[in-house]
Amino acid sequence: MKIKVCGMRQAGNLAAIAGLDPDFLGFIFSPKSARYMGEMLEPCHVKSLPAHIGRIGVFVDDTLASIQAASISFGLDYAQLHGHETPAFCQQVRATGLGVIKAFAVGPGFDFSSVAAYAPVCDYFLFDTKGELPGGNGQAFDWQLLHAYQGPLPFFLGGGLGPANLSEVLAFRHPYLYAFDFNSQLETAPGLKDVARTRDLLTRLHEQAA
Ligand SMILES: O=C(O)c1ccccc1NCC(=O)[C@H](O)[C@H](O)COP(=O)(O)O
C-alpha cells in the first residue's frame, strides 16, 4: 500500500518527513487552509525532494493558470482537486502534463455513480470525509460506504487516519484501495508533522507490507 503525508509547510519538517520515505507528499495551495504553505516553502525545498517521492499540489477551485504556474515552480507531479472542479476542468489540468487526483467528500448517502464521469480524465480518486472544510477535517467516515465503489480508478483513502485508528486502517480491504493519506492526526500544529509519531506509523505500515 502506498503512503501519502499531506499538508507539509515548513522546510526542516519537510526534509525530516521526506527522510522517512513516504510515497507521496502533499502541499496545500489553498489560502483558506490552516496548512496553506504560502511563502513558507520555497520551490527549491520541494523540487529537491527525492525523485521517487510524488509531489502533490492540493487545490480548491483554483484556476488552470494558477495550478500550472504552481506546477512549474514547484515541480509538481499531481494536482489534487478538492473543490467543485468539473470533469472538463480535470481534463484541462491533465492536458498540462500533471497527474490528476480528484477528491470527493464522502458521507452517508454519497452517490458513487457521481464519480463515473471523472474516471476517464483522472489518475486517482481520493475519498475523504465530508465535513465543514474542503479537507483536513480530522475525522474518519464510515469506510463501509466504499463498498459501493466498484472502480475503475484506484483511490487514496483520507480523513482522520492516524495512530489512533491504525489497526482499523490496516484491516481495511478494498480492491481499488491504492494509498493511505495521513494529515492532521500526525500534527503538533497545522502543517507541522510530529516526526517520531510519523516514523512509528510508517514503520508499522511498512512492516505490514513486508
Ligand atoms: O488539509 C487541509 O487543510 C486541506 C485544506 C483544503 C483542501 C484539502 C486539504 N487537505 C487535503 C488532504 O489530502 C488531507 O490529507 C485530507 O483531507 C485528510 O485530512 P485529515 O482529515 O486531517 O486526515
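- As recorded in an unreviewed UniProt entry, the chain goes by N-(5'-phosphoribosyl)anthranilate isomerase and comes from Hymenobacter polaris.

**As for the pairing of strand β1 (residues 2-5)**
(1) Moving on: As paired strands, β1 and strand β8 (residues 177-182) are joined by four bridges and run parallel to one another. Residue pairing in the sheet places Ile3 in a bridge with Phe180 of β8.
(2) Moving on: Here β1 runs beside strand β2 (residues 24-28); their pairing, made up of two bridges, is parallel. Each residue of the ladder has a partner; that of Lys4, found in β2, is Phe24.
(3) Moving on: Read as a crossover between parallel neighbours, the route from β1 over helix α1 (residues 11-18) to β2 is right-handed.

**With respect to the environment of Thr203**
(1) Moving on: Its location among the elements puts Thr203 in helix α6 (residues 195-209).
(2) Moving on: It is 18 Å that separates the C-alpha atoms of Thr203 and Ala15, two residues lying 188 residues apart in sequence.
(3) Moving on: A distance of 2.7 Å separates a polar side-chain atom of Thr203 from the backbone oxygen of Arg199.

**Remarks on the sheet that holds strand β4 (residues 78-81)**
(1) Moving on: Read once around its circumference, the closed barrel built from eight strands follows the order β1-β2-β3-β4-β5-β6-β7-β8, with strand pairing classed as parallel. Ignoring strand direction, the axes of neighbouring strands in this sheet form an average angle of 30 degrees.
(2) Moving on: Lying on the sheet, α6 is in contact with β1 and β8; it crosses β1 at an angle near 165 degrees.

**Here's the deal with the site of the ligand**
(1) Moving on: Taken together, 21 residues sit near the ligand, with Ser33, Arg35, Asp128, Asp181 and Ser184 positioned nearest.
(2) Moving on: A distance of 2.8 Å separates an oxygen atom of the ligand from a polar atom in the backbone of Gly138.
(3) Moving on: Contacts to the ligand include Gly160, whose backbone N or O atom sits 2.9 Å from an oxygen atom.
(4) Moving on: Coverage of the ligand by the protein chains reaches 98% of its 510 Å² of free accessible surface.
(5) Moving on: For the ligand, the cavity whose grid points lie within 2 Å of the majority of its atoms is the largest pocket.
(6) Moving on: Class assignment for the residues of the shell around the ligand results in six nonpolar, eleven polar and four charged.

**Observations regarding the nonpolar core**
(1) Moving on: Residues Leu25, Phe27, Phe125, Phe127 and Leu157 are the most contacted members of the largest nonpolar core, which totals 56 residues.
(2) Moving on: Ignoring sequence-local partners within four residues, the contact set of Leu25 consists of Val5, Met8, Leu14, Ile17, Ala18, Leu49, Ile53, Gly54, Arg55 and Ile56.
(3) Moving on: With twelve residues, the next largest nonpolar core counts Cys6, Phe24, Ile56 and Leu126 among its residues.

**Re unusual backbone geometry**
(1) Moving on: Between Gly151 and Pro152 the backbone carries a cis peptide bond, its omega angle lying at 15 degrees.
(2) Moving on: Structurally, the position occupied by Pro152 is in the loop between β6 (124-129) and β7 (155-157).
(3) Moving on: Phi angles above zero are rare outside glycine, and Asp21 is one such case at about 65 degrees.
(4) Moving on: A positive phi angle, close to 50 degrees, is found at Asp61, a residue other than glycine.
(5) Moving on: Checked against the element boundaries, Asp61 lands in the loop between β3 (54-59) and α3 (64-74).
(6) Moving on: When its relative accessible area of 41% is taken as the criterion, Asp61 is described as partly exposed.

**Describing the confidence of the model for the chain**
(1) Moving on: Mean pLDDT over the chain stands at 96; residues scoring 70 or higher make up 100%.
(2) Moving on: Here the predicted complex carries an ipTM of 0.98, next to a pTM of 0.97.

**Focus: the layout of surface pockets**
(1) Moving on: Size it by volume and the largest pocket reaches roughly 450 Å³.
(2) Moving on: In terms of lining, the largest pocket is formed by 29 residues, of which the most central are Ser33, Arg35, Pro134, Gly135 and Gly136.
(3) Moving on: Counting only elements with at least two residues in the lining of the largest pocket, the list comes to β6 and β8.
(4) Moving on: Per-class residue counts for the lining of the largest pocket are ten nonpolar, 14 polar and five charged.
(5) Moving on: When its volume is computed, the second largest pocket comes out at roughly 340 Å³.
(6) Moving on: Lining of the second largest pocket is provided by 18 residues; of these, His82, Gly83, His84, Ala103 and Ala105 occupy positions nearest its centre.
(7) Moving on: Counting only elements with at least two residues in the lining of the second largest pocket, the list comes to β5 (99-106) and β6.
(8) Moving on: Residue contributions to the lining of the second largest pocket peak at four residues, all from β5.
(9) Moving on: When grouped by side-chain class, the residues that make up the lining of the second largest pocket number eight nonpolar, five polar and five charged.

What counts, and where the lines are drawn
- The residue numbering used here restarts from 1 in each chain and proceeds along that chain's sequence as written.
- Where local features are concerned, this predicted model is filtered to residues with pLDDT of at least 70; where side-chain atom pairs are given and counted, the filter is 80 or more; whole-chain, interface and lining totals use all residues.
- To obtain the side-chain values, all non-hydrogen atoms of the structure were used and water was disregarded.
- Here, any two strands with at least 2 DSSP bridges between them count as paired.
- Numbering of helices and strands starts at the N terminus; helices are DSSP runs of H or I of at least 4 residues and strands are runs of E of at least 2.
- For crossovers, right-handed means that the path from the first strand over the helix to the second runs clockwise, given strands pointing away from the viewer.
- Side-chain atoms alone can form a polar contact between residues adjacent in sequence; in general such a contact is a pair of N or O atoms within 3.5 Å, and within protein one must be able to donate a hydrogen while the other accepts it.
- A fitted line through C-alpha atoms serves as each axis, taken over the contacting stretch for helices, and the angle formed by two N-to-C directions is quoted from 0 to 180°.
- The contact definition used throughout considers only heavy atoms, calling two residues in contact when any of these lie within 4.5 Å.
- Whether a residue is near a molecule or strand depends on its heavy atoms: it is near if one of them lies within 4 Å of it.
- Working definition of accessibility: Shrake-Rupley area with a 1.4 Å probe, residue cover restricted to the visible protein chains.
- Using only the protein atoms, space was sampled on a 1 Å grid; points where a 1.4 Å probe fits but cannot get out form cavities, open sets with protein on both sides within 12 Å along at least five of seven lines form pockets, and lining residues are those with an atom within 4 Å of a point.
- For a molecule to be placed in a cavity or pocket, more than half of its atoms must lie within 2 Å of the grid points of that cavity or pocket.
- Note on residue categories: nonpolar means Ala, Val, Leu, Ile, Met, Phe, Trp, Tyr, Cys or Pro, charged means Asp, Glu, Lys or Arg, and polar means any other residue, Gly included.
- Only buried Ala, Val, Leu, Ile, Met, Phe, Trp, Tyr and Cys residues count toward a nonpolar core, and they belong to the same one when joined by side-chain atoms within 4.5 Å.
- Whether a residue is buried, partly exposed or exposed follows from its accessible area with a 1.4 Å probe, protein chains only, as a fraction of its type maximum: under 20%, in between, or over 50%, in that order.
- On a scale of 0 to 100, pLDDT captures the predictor's confidence in every residue.
- Grid points are joined across faces, edges and corners, and a volume is the space filled by probe spheres set on the points.

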